[in-house]
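# Descriptive analysis of the structure
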Amino acid sequence: MLSQVYQKLAPFLQEYLYDRGWTELRPVQVEACRVIFETNAHLLIASGTASGKTEAAFLPILSILDREPSSTVGVLYISPIKALINDQFERLSELLKQSHTEVWAWHGDISQSRKRRFLKQPQGILQITPESLESLLINKTEELPRLFGDLRFIVIDELHVFMGSQRGGQILCQLSRLAPLIQKPARRIGLSATLGDYTLAKQWLEAGTNLPALRYVDEDSLAPETADTKRPVRLAIAHFPKTEAEDFTAPYYQYLFESSKNQKCLIFTNNRNETETITANLRQIAKTQNFPDIYHVHHGSISSLLREDAETAMREPGAAVIAATLTLELGIDIGQLERVIQINAPLSVASFLQRLGRTGRRGTPADMRFICREPELTGDESLPESIPWDLLQSIAVIQLYVEERWIEPVSLPSYPFSLLFHQTLSILATKGELSESKLMGEILSFPILTKITPKMFKELLQYWLNNDQLEKTERGRYILGVKGEKIVRHFSFYAVFADTVEYTVRGEVGAIGTIPIMPMLGQQFALAGRTWEVLDIDEQRRSLFVKPVEGIANPAWYGRGGSRGEVHKKVLQKMRQVLCSEVQYPYLLESAKERLTKARQTAKLAGLERENLVEIDERTYCIFPWLGTKGCNTLERLIQLFVREVVDIQRLQIVSPYYFWVRLGNKTSIDDFQQQMIYFCEQDLTNEELVAAKEAPRLQKYDAFIPHYLLRKAFAADNLDLEEVKQFCRDWSAR
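Residues numbered from 1 in each chain as written. Predicted model: local features only at pLDDT ≥ 70, side-chain atom pairs only at ≥ 80, totals over all residues. Heavy atoms only, no water.

Following the criterion strictly, the structure yields 35 salt bridges and no others. Among the ionic pairs, glutamate 102 bridges to arginine 114, the shortest N-O distance being 3.6 Å. Residue glutamate 102 is found in the loop between helix H5 (82-95) and strand S3 (103-106), and its partner arginine 114 is found in helix H6 (residues 112-120); the two are separated by twelve residues along the sequence. Its salt-bridge partner being arginine 595, residue glutamate 374 comes within 2.4 Å of it at the nearest N-O pair. With a gap of 221 residues between them, glutamate 374 in strand S13 (residues 366-375) and arginine 595 in helix H23 (residues 590-606) connect regions that are remote in the sequence. Residue glutamate 374 shares its accessibility class with arginine 595, and that shared class is buried. If you follow the salt bridges from partner to partner, you end up with Arg20, Glu94 and Lys97 in one network. (Salt bridge = Lys/Arg side-chain N within 4 Å of Asp/Glu carboxyl O. Helix = DSSP H or I, 4+ residues; strand = E, 2+ residues; numbered from the N terminus. Buried < 20%, exposed > 50% of the residue type's maximum accessible area, 1.4 Å probe, protein only.)

What follows is about the side chain of lysine 630. In this fold, lysine 630 is placed in helix H24 (residues 629-646). Here aspartate 718 takes part through its backbone oxygen, which lies 3.3 Å from a polar atom of the side chain of lysine 630. Apart from residues no more than four positions distant in its own chain, lysine 630 is found in contact with Glu566, Asp718, Asn719, Leu720 and Asp721. (Polar contact = N/O pair within 3.5 Å; in protein donor to acceptor, adjacent residues only side chain to side chain. Contact = heavy atoms within 4.5 Å.)

A complete count under the given rule lists 26 aromatic pairs for this structure. Ring geometry for phenylalanine 493 versus tyrosine 702: centroids 6.2 Å apart, planes at 55 degrees, classification tilted. Linking phenylalanine 493 in the loop between helix H21 (482-489) and strand S16 (503-507) with tyrosine 702 in the loop between helix H25 (670-682) and helix H26 (708-719), this pair joins segments that are 209 residues apart in sequence. In this structure phenylalanine 493 comes out as buried when scored by relative accessible area, which is 0%. We classify tyrosine 702 as buried; its relative accessible area is 5%. Ring plane angle 45 degrees and centroid distance 6.3 Å describe the contact between phenylalanine 624 and tyrosine 659, whose orientation is recorded as tilted. Remark: tyrosine 659 occurs in strand S24 (residues 659-664) and phenylalanine 624 occurs in the loop between strand S22 (620-623) and H24; sequence separation between them is 35 residues. In this pair, the class of phenylalanine 624 matches that of tyrosine 659, namely buried. (Phe/Tyr/Trp six-rings, centres within 6.5 Å; stacked < 30°, edge-to-face > 60°.)

Let us now look at the sheet that holds S13. As summarised here, the arrangement of the six strands in space is S8-S13-S12-S9-S11-S10, forming an open sheet in which the pairing is parallel. Where the open sheet ends on each side, the last strands, each with one partner, are strand S8 (233-242) and strand S10 (295-298). Pairs of neighbouring strands in the sheet enclose a mean axial angle of 20 degrees, with direction left out of account. One ladder, built from four bridges, connects strand S9 (residues 264-268) with strand S12 (residues 339-343); its direction is parallel. Each residue of the ladder has a partner; that of cysteine 265, found in S12, is arginine 339. Here helix H17 (residues 389-404) sits on the sheet and contacts S8 and S13; the angle it forms with S13, its principal contact strand, is near 155 degrees. Along the sheet face, H23 touches S8 and S13 and points at about 65 degrees away from the line of S8. (Pairing = 2+ DSSP bridges. Axes fitted to C-alpha atoms, helices over the stretch in contact; angles between N-to-C directions.)

Shown next, in the form of structure tokens:
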């Protein structure tokens, strides 16, 4: 098979492989070649980070284009971030040196002269984000057939990032809009290292087409080392208490320094605040020890130039340490990374795998170390406050994948009304005017909008007419209204995610990054791992000028910690199992092992292996539902909207997704409370009945243009799960 595949590759690719000493192709590359060469199907490639997915897709694609050149863009490569486009641009340019095919990057940082060159002769590979593709659809409408008429392949990188999100829905709408302009259906190639539901991913790739999607899953490259895999992985979890007045001399920062020095290391945190604090303290330690400054920060509010400097430092020889958020979770090539350190629990099993996959390249073991933190115990904590939630969650995400190969499944939005509004305006901006039947026919044919009924859409059209987002011509056709044109003309329209207003920070070297709140003159704050003092403020341009100063200041996001996101119920159930069992985990360092042992003793005394409700004080109880974020939020609503109407609840507080505080009035017993919970769970309630009549949950960018009753419908469908709560109550009743 290898010989047959090699012979089908274009001569310049054969030469490329020979010059680099490739003696064989990886299994994922052989199988991708077979599918792309021998079938007309779409292809889903699920394989670990740095396992050769890019080459798996492009070796056969480029060979086909070499034999049968496309008269327009032949390959549309869609990426979630510009940095990944820039990275892949370099890799593809290297592949294409000896060919006649050219690769073009298109995003906000690409020069206009380069874009004009592409528009003059559009061929080869176009790398683009969904936002830039939206801009092309609107602003180059007449040229779209000349740009994409002979499109052969659509490669969607980091597929898991798009699925279930508004941007993923935007891509499906965009591909549906392009389809009539393409001579022959383009084949879709999806690439991902972290998919929890391969069937759903195949369906997503197939959406709106008549072609089937085949899949190739390389289990060994995805999995940490177990008895049946060969991939070596080093895991370790340490635990440190957190004190109020903590500086760089704290054992936590010293351990972090020792664990990351003299190597290429990525430190992942779950919010920007933590990245800044860590970098500032590591720099301070390095300074006191006459150690070189090898520290960088990488998150969405750092200037692109500084982020690129950090990425370059990782690729070049020598040690480098970057504290990052999810901006470095994706597959940007940052060279031979030696270790990943995760501060507290990752947001999901998928995030754990993505971050683990950043190390262990080129035959070296993957190395990931967790550092879990919690406030220092004084002995006065309540039961829930004495449980190390981040430690339990870290163990749970590891074990779920090691034991079961489980990753969180993606949930597709049921009623993406914000996306519907966006695409309605985009299509009218493109086509000028449309009759109601044609507008509805086009919009409701998009695969991501299938649950939106014609009745809903007609009501929305009338709503937008009444609010001047749309207008009708004398012939009864829809066009953009005054307010609709203003929305479309704004540069932020191309993105379906909400844009935040931030303030640009500038120093002598230029832009440093952005912050969410304008500080005062003379105030000091941390950004890019350094401390700055405000010299001047230009409120009109939303910018401020700073100078570097010594010391460690609060980050610009002080008090604005990152959200835990949505934690799946299976993670919580595994956390309970970890807490209530006696299983020992070999990757726990002594500090973590001792903390888990102490937590298990506490849980055993409280009976948490069999009880979900524990009395904390007189008339004060704690509920441990082990339901996950969606189920926890649903349970809270059931109590607030129904149970509270018939029992005396003086206090209800949720620490989602872990536990509830409930304080009952003197006339209500805990038995009354439980019985009412069970009673309402047995009623024929729906998710929508758990959303108050006056609520208007605006979660997406254009929800302000959606009637409140539809927002409630969408929120109930995607954010609540009454069946989870009913099962919880049934289990409660059985005890």
